[in-house]
Structure formats: structure tokens, C-alpha cells
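Structural overview
Here's the letter readout for the chains.
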Amino acid sequence: MTSCIRDKNIDRVVVAACSPEFKEHVFQQALENAGLNGHLLSVANIREQCAWAHEGDVTEKALELIRMAVNRTRLLQPVEEKELSVNKGVLVVGGGFSALNSAIQLSQLGLPTTLLERESTLGGRIRELENMYGFKTGPMIEAAEGAKNIDILTSAEVLEVEGKIGNFMVRIRKGAEEISRSFGAIVFATGYETEVTDQDFQLKPGVNIISQERLAQMLQASSPKGRPQTVGFIFDFYDENSRFPTLATLSNALAIKQKWGSEVYVLCRDVKVDSEGADQLYREAREHGVVFSKFEEKPRISADDGRVKVEAKDVFLGEDMTLICDLVVAEERILPPAGTKDLSFLLSIRTDSQGFYQDENVHLYPVASERKGIFFIGGCRGDLDFQRALADVSSVVMNVYGLLSSGKVVVEAEKVKVDPQKCVACLTCIRVCPHSAIQLARTEGEKEVAEISDLACDACGVCAAICPAKAIKFEGYSDEQILAQIEALGAP
Amino acid sequence: MDVLVIGAGIAGIASALGLADAGLKVYLVEKEAAVGGYAASLCCKATDVCSGCSVCVVPEKIKQAVTHPQISLLTNSTVQRVGGEVGNFCVEITQKPQYIDTERCVACGLCAEVCPAEPKAVYLSSAEAIPFSYVLDERLCLRFKGESCKLCGESCSTKAIDFERKPRGQELNVGAIILATGFDIFDAREKGSLGYGRYPNVLTGLDLERMFNHEGYLKLSTNGKEPKNIAFIQCVGSRDEGHGYCSQVCCKYAMRLAHLIKYQSPDTQVTIFYIDLQTAGKGFAQFYQEYRESIRFIRGVPVEVSPASSDDLEVRFEDISQGRVCREIFDLVVLSVGISPRKDSWDLARILGINLADHGFFDTKEILNSNGTNVEGVFLAGTCQGPKDIPDSIAHGMAAASKAMQALTVRGR
Amino acid sequence: MRGEIVAFCCERSAYPAADLAGKGKLCYPDNLRVIRIPCAGRVDAIHILKAFEKGAAAVLVLGCEDGACHHITGNIRARERVRYCDMLLKEVGLDGGRVGMFNVAPNETHKFVRIVNEMNEKIKESGETK
Ligand SMILES: Cc1cc2nc3c(=O)[nH]c(=O)nc-3n(C[C@H](O)[C@H](O)[C@H](O)COP(=O)(O)OP(=O)(O)OC[C@H]3O[C@@H](n4cnc5c(N)ncnc54)[C@H](O)[C@@H]3O)c2cc1C
Ligand SMILES: Cc1cc2nc3c(=O)[nH]c(=O)nc-3n(C[C@H](O)[C@H](O)[C@H](O)COP(=O)(O)OP(=O)(O)OC[C@H]3O[C@@H](n4cnc5c(N)ncnc54)[C@H](O)[C@@H]3O)c2cc1C
Ligand code: SF4
Ligand code: SF4
């Protein structure tokens, strides 16, 4: 093929053969080898979508498919590749477990990282976990503070994000100051919040009704005065996000058995054991005498002489069960952290149906967002246990490293392009672009027109279809090229 | 420096893509003729609205991997020996003879037309197989039974067939090794009382997935009709004495399949028997409410499946909410089988010098690093380390890539 | 009229599904003409109308399942446009339902074939196929 293109001075190629799905790149390479731009190629799919898909003689159809491809190919223009430089710096928003670990790993790979935490100290919620896994937060924070290419900003907040992948301009408030910095990519690791659900109880959380966090503190304190005789845990009634509460309950229930020797009752709907090691913990807890009862409806809780009365309909026994506890660990909801709504609006990124970051679109999992160069990891994108959060961390490190490590990215230049002459700056494309790849720019003639970033564009063509002025041309799929294929319908 | 990835399931593919995108050269070694592992044979569980099962991500990643210039794919290949250490492993690989060259085969099917063996010795394994090529099965081919037949070779217009190919050995030098050999599906025959393998209308979840993929809808093998009253039995081969873990995928696939069945034929009854429903995780809660309305859930453990009248099946189960044993008749029983460790894991563990954990999955060294093993430079990806669904396998695969990258970078300094 | 069905197929979903149907030798009517597009959202009303002008009996726009579009909202925009074209066609007297937007995942071969068959039946009923 290559020599034929060269010898006959061919300037465009139609391959009538198998589907382009797995072979287009091979043919494109052949064109490139002959010195022809790889985009000057159409593939007429006369195998999968013609010969194999029908019975009988389909020669006519094959010829028509080829005519369609020829018509398109006539109008093809070369698309050149271009190298763009990108900023190697990474902004990691958050200062918890996920954020700290990703900053450390990124810096080890040589990418300068800025860690931005809203609170005055680092650590996030990992302190709650020290007890469960027996690891210490201190060394992790020290490692981040000690690394020479990690810049730590505490008591800081993201105010505004402009620009695109490779060069995001971020306005940051740090204390009373405002600073502006540029980054190649942004990783959000803002975690989650918990809230004790009290609306169904007659009692507010207090001395006898506590959160997991409070319990963890009590367990860490050497020996509590007046150990509770009976402890009840309640979880998994409010919503489906109960992986964390399940893990916390299982490990804390075991800890209570071992440290205090109390009677422990766990009241829940389902035990969410779909995380690593959870079923094992569940088993151990039962072996240590923790009693689990499952209910379809929320238990009722009321005060009973300084103790707490829990009433529920037991599925095992099929009758009402009443439990008097000294201590009840109440159900907690896992919520997106405050500010998630504002930040996602600011970034024009959708949240999921429960308000966490990252749209529920399988093609974005695990850590991507609809905007290239912006990632979400850990608790801020949903109910992720510790092992899953860790996989997110390393996964985002790989993604970011792949994007930025060489400091430059090769892109297809102006594949989708706005014609400044035709653009009337109506902003429609900017509004509809799912990847936020378009912005207003000033031309030499001082006119404001839409401009597409080759780096941020994902080549979907939504803008080209919607532009009322028909100012956007998508090379390979332009209106003319699509219409030319239709022109060939039926015409012999 | 180059990296070796063993196993081209979705986790191995994710690792390979991560490293290749960062500019490394990757050898992706797959034991079978086609890549993708289990995930490539699963079905889309969307109604017209995506149910978030992630199966459609798989063909896309496969395409990216097989067309990636930095990835060398070696199918039909296994690792025989590994020597050396991180930064400088020497790996011996054997490739089974590929009598039909996948690069040359255009899948025209002429060879199968002329093959006189019964059943045919040259065939396409499945429509979704990638690489998409005919394969020659030694066990069926007359030539390998001593006859002199060479009809297929003569019929092939691209000269893709060569009977003389021998197993090919090669040595690779790599800096790090990622193990992504995946899982074995639990063999439901081990639970004899549930009747799999004995009664034709007892199927596994995987059978159902494949039936949807190949037929587009369900039908009973006994009468060719659509089933009208279906039971799903959860935790078959998970969360029991021999398997002290939750497989993490079966509750969700069962609910998604049940919903798809209800969508296709609303008058079908679907009942799910479960211990605890695993409904946590991104993108699932929004469907669960709908599922609760259309599917009947019974918290209970079926103890026995036995034949009732004609082809129907009787399920005897302990209904936990009523605290007694009940019986009910169904025309199809689906066993939601889970993820088990591969039975041949031990071979690789020995070759690589790594350990197996209690349940039989590969062992990790530290609690904070589920990719690392006791051998520096050897990392785990995907379900060979423990049960995971597709998104989690991809994340874990990327994480393994990242760990390998870091190991090589730190050494490179 | 010759009765072609023009199918604009998203290269991430319906196009591979069509390929897979061929690989599995699932037969469908040979009046189907697939035009590969990067996303269902690329399809514009003029493309659809042009197909009818050139004698197509029906037009299908095939994109990802709702909620699984690679470009998040591309398939939703396509649906709006198809609805608009359907309305226009009704106004010029072509009975409704000749243009449709459907969701197909890349591995849903059977759904792809079913959609094509159903559309073909529909145009056959109105007597416009060859
Ligand atoms: C009670 C409980 C028990 C748990 N038990 C277990 C268990 O046993 N096993 C297990 O595997 N997992 C468990 N988890 C889950 C585990 O805590 C999480 O997986 C992990 O902490 C996630 O870390 P992260 O970094 O994503 O979030 P976090 O640790 O919450 O860190 C987020 C950080 O971001 C900061 N931040 C938030 N918004 C902004 C903003 N806009 N700008 C700047 N900074 C911001 C916050 O201040 C915080 O410091 C448990 C969780 C809870 C609540
Ligand atoms: C019935 C069923 C339904 C499911 N449904 C869903 C679903 O709807 N959604 C979802 O997210 N997940 C689902 N899953 C889970 C999903 O299948 C797994 O998450 C996924 O396949 C794991 O990928 P993997 O790469 O880890 O393993 P595998 O898919 O097992 O891939 C491993 C690969 O390694 C190869 N290999 C093995 N040993 C060697 C060796 N020694 N040398 C070379 N190569 C080797 C194998 O041939 C295989 O190709 C389902 C699972 C089952 C059983
Ligand atoms: S249901 Fe599964 S395969 Fe189908 S579109 Fe959604 S994620 Fe993809
Ligand atoms: S996912 Fe559901 S069925 Fe599977 S092992 Fe876990 S609890 Fe059992």
C-alpha cells in the first residue's frame, strides 16, 4: 500500500475491507509511511457491516458503501499533530488520607505538588482510623511536610479555576491573602462528612447516644469510668452508603468486646460486607459474642431512666425486640463535604445523584471527570472504604504522571475548529461543550470569538452540531463530509 | 524500562494501558487465545437506561490495549520461569503453537468450510474474541491424529495456516512484573444440593450473562420458552466455611439482571434469596428503590433444589423473617456464583516466589498496599488479589501500574 | 423510493455493536447504511433531512445508553434533535416514527439487530421498501 501511494502519487485513500475499529491505525500508519497525512483515509466497512451481516449477494451494497466513502474522502483535509507544553505542577485539594498519599507518590515521581487544605492542620479523618488499623498519621504528615517538592497550604480555599488541562489558573485564598497559581492538573480529595441522623429518634445525640468518632475516642482513652454494660450499634437504615459505618461498627464492636467486655448488640438492615476483609471481621465479631439482628424498619429509640431503650421488629425471631442499652452508637450518614456544590458549579462538573463529586457515568470510573486534567479520588466521590481509596490514590498518580511527566503533550491540531469569521460569539458552544473545552478569546481584529482548546477537546462534535452560525468545523466529520456520504445513497 | 503484565483480563489491561501511556514498553502475556478475561463475556444490563454495570467499558479498553504501539500482546502464552530481581527480571515465556497466524487470518471461514473433521477442527471461538481469528484445535485436527489432511491450509488465501509451527520460547528482560491472573468462577457443582449440573433449569449467573449476550433474551433449555418464575440464590460459593469473603459482584449483577428480565417481560416473577444485600457503591442507590418495587426479596437461605412436576423446580428454603422452612416452585433457578481464587495460582506463586493468603488469593505484604507482594518488583492487580468488580479491578490495575512505575523510578535515580 | 435505512452510529457504542453483529453472523436487512460518527450528539437536523431528501425511507440515530454517553449529554442532545426532525417530517406529510433515536451499548448486538429489524418492518408496512 505504502509503495503504491508513493509511486502513483496518490493523495487520498479509501480502504474497502474490514471494520476500521481495529485496523484504522494500521492503514493510517501505512499512509504516514508513504508521506501522506494519516487522516486522508476512509474505510468502507464491507466485511463486518456488509458481507458478514447479510445473506445473499450484497455486492451492490458494498459498492454503495465504497461510493459513500469515496465521496467523503474527496473532502478530507490533513490534520497535523502538534506538541504543546504543559505545566508539570499538580494541585491536590484536601489534606486527608487520600490527598496526603497522592501528594507523596506524585512528588516521588518528580511532579511538584501543592497540597491545599481548608483546615489549619493536615490529616482529615485518618485519625479516626488509626485505632482500627493500628497505623499512625504522624509519619504520613511528616513525609509530606519533609518532601522538597510538596508545597503545603493550610487554611486555604480554592476560589476560582480558569484555563484548561496543562495550564489551569487557580485563584486561592490563604488566610487573608489571595494568590494565583498555575497547575497542569487538579486532584480533588476533599473526603466526606458524617452526620448523626437524629430525626427519627426522640433523643438527640448526647451522653448516651454517640457517634463512631466519639466511641473511637472513648476506646482510645485508657480505661473509662463505669464501663457500659450494654452497647447497641445502629446502622444501614438511612441510605445505602454504609460501607464506612459497617467497617467502623465491626471493628469498634470487636474492640469493645476486647477492652470493655460489654454485651454488644448490632441492629441493622444489611451488613455491607462488600469490602476487603469485611466478611472476616463480621465472622470474628460473631465469634466474640457480638449479637447481630436484622430489621427492615428503623428501630425506635427512647429514654429509659438514664439508659436508652431500643425497640424493633426482629426478622430472626419475628417479634418485637426491646433492648435497654447504656450506650447507643447511632447511625451516621455519609455526606459530601460542605462546599462540594459550589466547587462543582465553579468547575462546571456534575455531581452524582447523591451530591458527591463525579457524575455516575461508567466511563469516568475510577477517577476521571468530564474535564480532562481534573480528577476525583477517595471519599469525595462516594462511599469508598480505605482499600478502594488507596487504589484511587495510586490510580490518579498514574493518570497524572502519564499526562504531565514529559512536560509536553502531542495533540491533533485544530481537528475541531471555530471559524473566527463566522462566529458571532453567541456562547452556545461554550454552554454545551460537555468537556468545557471552549472559551472566548480575542482575535487580532479585537473581535471576541469562541476558541477550542486542542488539549481539552475530546472530539465529540456536539458543538459543531449545535452552532447556529455553523462556524465550527470538525475535520473528518464536517457537515460537508457527512452530507457527501448521504449524497452517494442509491446513486449508481 | 520494560514491564511484564501476566493476564490480559480487565485488570491487566488497565495496568498495561497505564504504563504504556506513561511511555513504557509493556509485554502483556495471556494464557488464552483471546484477551479480556471473564469481563469480556458478560452482558450489558441496561434497559434503555444504563444500570452502571461497567461491562461496556471492557471492549473499549481492549481496543485501546491491542492497538497501543507500546503494548506487545502475547496470547496463548505462559510464564515458565522467572529469575533476577526488581529492575532486572529475566522471564522465560512459552507460546503454544499458533497454527493460524492471527495477523494474517481475515476470518473468511474458508478453512472451516473444507475441514472434514467432525466436529470441525478450525473454528471461531466467539464473536467477541479479540484477536478475532480462526483457531486450529490440535485435539480435533485429523493431521494431529496421524492423517495427512491439509485441506484448510490449501484453502486459506492469505496463507495464514502453518501446521509446522512449534511452541515458541522467548526470554524477556523486564524491570517489574504485574500479576493480573484474575479468578476462577465458583464451581456450583460443589454445592450438590442446589442441583447445578443435574437439573437443566438450574443455571449460574455466568450462564445467564452469556445467554443474554448470545441470544439477547432468556429461554429455558428444556422447552425453549421464556421462564416465567425465576429464583436467584445469592452467596453460592461466597461467605461460607470455605470462602470467608463476599464476592462483591453477585448481589449487584443479580439485581441488575433481574431488573433487565422484568423490563423485557414484566409479567415474569423474580425472587432473590439473600443473606445481606450489597447495595452500597457509586451509582447503585438510585436504582435500588426501583429494584425493590419490581423484584421480590426474601431474606433466607435455600437449602435444597429438587425437581417438581415436569421441568419445574422446588426450592426449599429457610425464611428467616418467618423463622421456618418453606417450599416454593420456580421454573428457573439461578445460582449467583462468586469469585474464587484460581486453582492454578500456586504454580505462579512458586515461579515468582510469592505467597498465597488464607483464602487462596495472592498475598499482600502490607495492609496499606494491596498491590505489593513479598517480592520486590512483583505487584498484584485485580481479582487475583481478592474479589472486585470491573471499576475496582481497573482502579487496582492502574494502582499496580503506578506502584511498578514508582519502583522503577526510585531505582533509576 | 428505494427504502434505505440510514443509521448514524456512534463510534463508541452502536458502531462496534454493528461490527459485532456481523462477526456473530446475525443477519439484518441489507438496506441499512451505517454512517460512523464520533457521538450521537454530532448529528444535526440537516444530516437527517438530507437523508430523506436523498430517498432514505428511515433514519436511525444510535448512541450510548442513557447515562453511559462518553460525552455525558451527547445522546440527550441527539434525542432532542431527532424529536424535532420527527415533528418537521410530520408537517411535510411523512408519517411519524420514520426517524428514531435509540440506545445501544457496544456489546448489545441483539438490541442493534432488533432496532434495525423493527424499523424495517415499519417501513415495509407503509410499503416503501424495495
Ligand atoms: C466512622 C468511620 C469509620 C470508618 N472505618 C473504616 C474502616 O474500618 N475501614 C475502611 O477501609 N474505611 C473506613 N472508613 C473510611 C475512610 O475514612 C475513608 O476511606 C478515608 O478516610 C478517605 O480519605 P479521604 O482522604 O478521601 O478523605 P478525608 O480523610 O475526609 O480528607 C478530606 C480532607 O479534605 C479537606 N477538605 C474538604 N473540602 C475541602 C475544600 N473545599 N478545600 C480544601 N480542603 C478541603 C478536609 O478538611 C479533609 O481534611 C471509615 C470512615 C468513617 C467515617
Ligand atoms: C457471573 C459474573 C457476573 C459479573 N458481573 C459483573 C458486572 O455486572 N459488573 C462488574 O463490574 N463486574 C462483574 N463481574 C466481575 C468481573 O467479571 C471481574 O471484576 C473482572 O472480570 C475481573 O477482571 P480480572 O482482570 O481481575 O480477572 P479475569 O477476568 O479473570 O482475567 C484474568 C486473565 O488472566 C489470564 N490468566 C490467568 N492465568 C494466567 C497465567 N498463568 N498466565 C497468563 N494469563 C493468565 C486469564 O486467561 C484471563 O484472561 C462479574 C463476575 C461474574 C463471575
Ligand atoms: S448497563 Fe453496563 S454495559 Fe450497559 S451501558 Fe450501562 S455500564 Fe454499559
Ligand atoms: S455480593 Fe452478595 S451474593 Fe455475592 S457474596 Fe457478597 S453478599 Fe453474597
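Residues numbered from 1 in each chain as written. Chains lettered and ligands numbered in written order. Predicted model: local features only at pLDDT ≥ 70, side-chain atom pairs only at ≥ 80, totals over all residues. Heavy atoms only, no water.

In this section: the overall build of chain B. From N to C terminus, chain B includes nine helices and 19 strands. Here the C-alpha radius of gyration of chain B, 23 Å, is about what a compact globule of 413 residues would show, namely 22 Å. Buried positions account for 58% of the 413 residues belonging to chain B. In chain B, once contacts between residues fewer than 6 apart in sequence are set aside, the share between residues at least 24 apart is 65%. As displayed, chain B has an accessible area near 16,400 Å², and 49% of this comes from carbon and sulfur atoms. Taking the average location of the 43 positive side-chain charges in chain B and that of its 49 negative ones, the two points are 2 Å from each other. (Helix = DSSP H or I, 4+ residues; strand = E, 2+ residues; numbered from the N terminus. Rg over C-alpha atoms; globule rule 2.2 N^0.38 Å. Buried < 20%, exposed > 50% of the residue type's maximum accessible area, 1.4 Å probe, protein only. Contact = heavy atoms within 4.5 Å. Areas by Shrake-Rupley, 256 points an atom, 1.4 Å probe, with all protein chains shown as cover. Lys, Arg positive; Asp, Glu negative; His and termini not counted. Charge placed at Lys NZ, Arg CZ, Asp CG, Glu CD.)

Scanning the model with the defined rule gives 64 salt bridges over all chains in all. As a salt-bridge pair, glutamate 448 of chain A and arginine 442 of chain A come within 3.3 Å of each other at their nearest N and O atoms. Across the pair arginine 143 of chain B and glutamate 164 of chain B runs a salt bridge whose closest N-O atoms are separated by 3.5 Å. Residue arginine 143 of chain B is located in the loop between β7 (134–136) and α4 (151–155), and its partner glutamate 164 of chain B is located in the loop between α4 and β8 (168–174); the two are separated by 21 residues in the primary sequence. Using a relative accessible area of 26% as the deciding quantity, one classes arginine 143 of chain B as partly exposed. Each of Asp270, Asp279, Arg283, Lys294 and Glu296 of chain A together with Arg239, Glu241, Asp276 and Arg299 of chain B takes part in one network of salt bridges that share partners. (Salt bridge = Lys/Arg side-chain N within 4 Å of Asp/Glu carboxyl O.)

Here we come to the packing of aromatic side chains. What the rule picks out here adds up to 18 aromatic pairs over all chains. Between the aromatic rings of phenylalanine 474 of chain A and tyrosine 477 of chain A, the centroid separation amounts to 5.3 Å while the plane-to-plane angle is 70°, which identifies the pairing as edge-to-face. Comparing phenylalanine 474 of chain A with tyrosine 477 of chain A shows no difference in burial state: the two are buried. With centroids separated by 4.3 Å and ring planes inclined at 20°, the aromatic side chains of tyrosine 38 of chain B and phenylalanine 183 of chain B adopt a geometry described as stacked. Remark: phenylalanine 183 of chain B occurs in strand β10 (residues 183–185) and tyrosine 38 of chain B occurs in the loop between β2 (26–29) and α2 (57–66); sequence separation between them is 145 residues. Exposure remark for tyrosine 38 of chain B: the relative accessible area of 23% places this residue in the partly exposed category. In this structure, arginine 72 of chain A is placed above the aromatic ring of tyrosine 477 of chain A, and the distance from its NZ or CZ to the ring centre is 5.6 Å. (Phe/Tyr/Trp six-rings, centres within 6.5 Å; stacked < 30°, edge-to-face > 60°. Lys NZ or Arg CZ within 6 Å of the ring centre and 35° of its normal.)

Once that is clear, we can look at the interface of chain C and chain B. Accessible area lost upon the coming together of the parts is a frequently used measure of interface size. Across the boundary between the two partners, chain C contributes 18 residues, which contact 21 residues of chain B. Summed over both sides, the interface of chain C with chain B buries roughly 1,400 Å², with 50% coming from carbon and sulfur. Counting the surface chain C buries against chain B, the share from its top three residues, Lys23, Asn107 and His110 of chain C, is 38%. Our enumeration of links across chain C and chain B arrives at two salt bridges. Lysine 111 of chain C is the partner of aspartate 48 of chain B in a salt bridge, and the nearest nitrogen-oxygen pair spans 2.8 Å. Linking chain C with chain B are nine residue pairs in polar contact (both at pLDDT 80 or more), by the criterion used here. (Buried area = accessible area lost by both parts, 1.4 Å probe. Polar contact = N/O pair within 3.5 Å; in protein donor to acceptor, adjacent residues only side chain to side chain.)

Attention shifts here to the site of ligand 2. All names here are of chain B. Every one of the 36 residues lining ligand 2 counts as a neighbour, but Glu30, Lys45, Thr383, Lys388 and Ile390 are closest to it. The separation between a nitrogen atom of ligand 2 and a polar main-chain atom of lysine 31 is 3.1 Å. Contact between ligand 2 and tyrosine 38: an oxygen atom at 2.9 Å from a main-chain N or O atom of the residue. Coverage of ligand 2 by the protein chains reaches 96% of its 1,000 Å² of free accessible surface. Going through the elements one at a time, α1 (10–21), β10, α5 (205–215) and α9 (390–412) are the ones with two or more residues in the shell around ligand 2. Here the shell around ligand 2 is built from residues that sort into 18 nonpolar, 10 polar and eight charged. Both domains that meet at the shell around ligand 2, namely domain 1 (3–96 + 167–183 + 341–412) and domain 2 (186–338), each give it at least three residues. (Near = heavy atom within 4 Å. Nonpolar A, V, L, I, M, F, W, Y, C, P; charged D, E, K, R; others polar. Domains from an automatic or database assignment.)

What follows concerns α2 of chain B. Taken residue by residue, α2 of chain B has Val57, Val58, Glu60, Ile62 and Ala65 of chain B as its buried positions. Those residues of α2 of chain B hidden inside the fold are in contact with α1, β3 (71–74) and α9 of chain B.

Bringing the sheet that holds strand β4 (residues 99–103) of chain C into the picture now. Through backbone hydrogen bonds, the strands of a sheet pair up, either in parallel or in antiparallel fashion. All names here are of chain C. One open sheet holds the four strands; their spatial order is β2-β1-β3-β4, and the pairing between them is parallel. The sheet is open, and its two borders are formed by β2 (32–37) and β4, each paired with just one other strand. Each neighbouring strand pair of the sheet contributes to a mean axis angle of 20°, computed without reference to strand direction. Here strand β1 (residues 4–10) runs beside strand β3 (residues 56–63); their pairing, made up of six bridges, is parallel. Its bridge partner being in β3, alanine 7 is matched across the sheet by leucine 60. Helix-sheet contacts for helix α4 (residues 109–125) involve β1, β2, β3 and β4, and the interaxial angle to β3 is about 155°. (Pairing = 2+ DSSP bridges. Axes fitted to C-alpha atoms, helices over the stretch in contact; angles between N-to-C directions.)

Among the nonpolar cores identified, the biggest contains 155 residues, and Val400 of chain A together with Phe8 and Ile48 of chain C are the most heavily contacted of them. Element by element, the count of residues in this core is highest for helix α12 (residues 386–404) of chain A, at nine residues. Ranked by size, the runner-up nonpolar core spans 54 residues in total, among them Phe232, Leu257, Leu277 and Cys326 of chain B. (Core = buried A, V, L, I, M, F, W, Y, C linked by side-chain atoms within 4.5 Å.)

What follows deals with the domain arrangement of chain B. Residue and element names in this part refer to chain B. Per the domain assignment, the segments making up chain B are domain 1 (3–96 + 167–183 + 341–412) and domain 2 (186–338). Computed over C-alpha atoms, the centres of domain 1 and domain 2 are 31 Å apart. Contact residues are listed per partner, giving 21 residues for domain 1 and 19 residues for domain 2. For the pairing of domain 1 and domain 2, the buried interface totals around 1,700 Å² over both sides, and the portion due to carbon and sulfur atoms is 60%. Of all residues in domain 1, Lys45, Thr47 and Pro387 give up the largest surface area on contact with domain 2, accounting jointly for 30% of the area buried on that side. Counting across the interface, domain 1 meets domain 2 through one salt bridge. One salt bridge connects lysine 45 with glutamate 209, and the closest N-O pair in it is separated by 3.2 Å. Inspection of the domain 1/domain 2 interface yields eight residue pairs in polar contact (both at pLDDT 80 or more). Considered class by class, the residues forming the side of domain 1 that touches domain 2 number 11 nonpolar, five polar and five charged.

Moving on, we come to the environment of lysine 136 of chain A. As for its position among the elements, lysine 136 of chain A is in the loop between α6 (126–133) and α7 (138–146). In this structure lysine 136 of chain A comes out as exposed when scored by relative accessible area, which is 56%.

The environment of ligand 4 is formed by Gln234, Cys235, Ser238, Arg239, Cys246, Ser247, Gln248, Val249, Cys250, Cys251, Asp276 and Gln278 of chain B. For the shell around ligand 4, a count of residues per class yields five nonpolar, five polar and two charged.

Moving on: the pairing of β2 of chain B. All names here are of chain B. Of the two faces of β2, both are covered, the one formed by Val26 and Leu28 as well as the one formed by Tyr27 and Val29. Handedness of the crossover joining strand β1 (residues 3–6) and β2 through α1: right-handed. As judged from the four bridges shared by β2 and β3, these two strands associate in the parallel manner. Along β3, the bridge assignment pairs valine 26 with isoleucine 71. In this fold, β2 hands off to α2, which returns the chain to β3; that crossover is right-handed. (Right-handed = clockwise from strand over helix to strand, strands pointing away.)

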